[in-house]
Amino acid sequence: MPVDTIAVHENQVKIIDQTLLPLKMEYITIHTIGEMWEAIKVLRIRGAPAIGIAAAFGVFLGVKESRAQDFDTFWKDVEKATDFLASARPTAVNLFWALDRIKKLVQYNREHSISELKKVIFDEAVCMIKEDNAICRTLGEFGADLLNDGDGVLTHCNAGGLATARYGTALAPIYVAKEQGKHITVFSDETRPLLQGARLTAWELHQEGIPVTLICDNMAAAVMAKGWVQAVIVGTDRTAANGDVANKIGTYGVAILAKEHGIPFYVAAPTSSIDMTLSHGDQISIEERAAEEITHGFGLQTAPEGIRVYNPAFDVTPNRYVTGIITEKDVVYPPYSENLKKLF
Ligand code: MRU
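Quantities reported herein were computed from a predicted structural model and do not represent experimental measurements.

### Quick word on the environment of Pro-335
Residue position: Pro-335 is located in the loop between β14 (331-332) and α11 (336-343). Between the alpha carbons of Pro-335 and Asn-242 there is a distance of 8.0 Å; along the sequence they are 93 residues apart.

Written out as structure tokens, the structure is:
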């Protein structure tokens, strides 16, 4: 993807405000931890890896004005900041992974001065951007090997550059395949209710000159039946140790459709999105969001006033539908409990 999702200029943290896309590509400066929490909550920045990196910068913003003179007081500020940021969204494990990483780092450096510790946190967040780029790139190379010239790939939601620091996870194999000279066509589910597929995936692929056809979520079966899709690749917010995959609501349905049509269903998952502490997907906490996202999508009322609504942001695809999990270390195949353990 041609732009950075999170950009750092002279110690200022800027993010692309994804709620404005595709109409406007605009960076906003995030000045405080409260602004970062809000940005994550309302999906100005979203997608599991990007949320993790944003949270790391959020910790820095939360402690940068700390007046603590000793480590114990500073540690309390760090814990306050990490607890607050952890409450922004529950499903993407990268959020908790990044906060944990910062906490461990601060403890490891406890002998340093408070101002040094603040710098350590900032530098780590910057390092996460670079690391994420490298991880997505390698993951993309593994994924591109699974694609043939002329393939159609269906994806759901946005697990592209906008969901990470730059390359994306599910879209990385497509970007790398393009570099290799393969012609890949993408079918992007629009992804109700917040339209990440239409607003973000279609936008970023179009920017990159990759042929993309936008479809409504309920058209995926028809497109598969026509023989236009040779692989499905999606991202994940949290994958359990047995290979059950939490991803954007609707992913489970796509996986069932893929199986019915004999199409491989791949999950692009950096290891930071794999939660080895959870044995099964039913242990993953699934975010439920406001009813208005469905009844008043983008400000237009499309349902009766006061109607009861169920709005889970994610679902869990059972591992039996998952052909392979593409990570930055290797592509993992079933049995996942055994093979993910080996990978880690
Ligand atoms: O609610 P969102 O937009 O944060 O959901 C994003 C997804 O479901 C992505 O597929 C997932 O985070 C993987 S991003 C590489």
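Now that the structure has been shown, the text picks up again.
### What to know about the pattern of salt bridges
When the charged atoms of two side chains with opposite charge come close together, those side chains can pair. On inspection of all chains with the given rule, the structure shows 14 salt bridges. The shortest N-O distance in the salt bridge between Lys-24 and Glu-26 comes to 3.5 Å. Of the residues examined, Lys-24 reaches a relative accessible area of 46% and is grouped as partly exposed. Overall, Glu-26 belongs to the partly exposed group, its relative accessible area being 32%. In this structure, Arg-289 engages Glu-293 in a salt bridge whose closest nitrogen and oxygen atoms are separated by 2.7 Å. The pair Arg-289 / Glu-293 is uniform in exposure class, with both members buried.

### Points about the sheet that holds strand β11 (residues 274-275)
Spatial strand order, β11-β8-β9-β12: four strands in an open sheet with mixed pairing. Unpaired on one side and paired on the other, β11 and β12 (314-317) mark the two borders of the sheet. Taken together, the four bridges between strand β9 (residues 245-248) and β12 define a ladder with antiparallel strand orientation. What sits directly across from Asn-247, in β12, is Asp-315. Docked against the sheet, helix α9 (residues 251-260) engages β9 and β12, running at close to 35° with respect to β12.

### Looking at the packing of aromatic side chains
Aromatic ring pairs are reported here in terms of the distance separating the ring centres and the angle at which the planes meet. For the structure shown, the criterion picks out six aromatic pairs. Pairwise contacts between aromatic rings join Phe-57, Phe-60 and Phe-122 into one cluster. Across from the ring centre of Phe-314, 4.3 Å away, lies the NZ or CZ of Lys-248, which sits over that ring. Sitting over the face of the ring of Phe-344, Lys-329 holds its NZ or CZ atom 5.7 Å from the ring centroid.

### Looking at the pairing of strand β6 (residues 212-215)
The side chains of a regular strand alternate, residue by residue, between the two faces of the sheet. Pairing of strand β5 (residues 185-189) with β6, which is carried by four bridges, proceeds in the parallel orientation. In the sheet register, Val-186 faces β6, and the bridge partner there is Val-212. Once the chain exits β5 it traverses helix α7 (residues 196-207) before rejoining the sheet at β6, and the crossover so formed is right-handed.

Conventions and cut-offs
- Residues numbered from 1 in each chain as written.
- Predicted model: local features only at pLDDT ≥ 70, side-chain atom pairs only at ≥ 80, totals over all residues.
- Heavy atoms only, no water.
- Helix = DSSP H or I, 4+ residues; strand = E, 2+ residues; numbered from the N terminus.
- Salt bridge = Lys/Arg side-chain N within 4 Å of Asp/Glu carboxyl O.
- Buried < 20%, exposed > 50% of the residue type's maximum accessible area, 1.4 Å probe, protein only.
- Pairing = 2+ DSSP bridges.
- Contact = heavy atoms within 4.5 Å.
- Axes fitted to C-alpha atoms, helices over the stretch in contact; angles between N-to-C directions.
- Phe/Tyr/Trp six-rings, centres within 6.5 Å; stacked < 30°, edge-to-face > 60°.
- Lys NZ or Arg CZ within 6 Å of the ring centre and 35° of its normal.
- Right-handed = clockwise from strand over helix to strand, strands pointing away.

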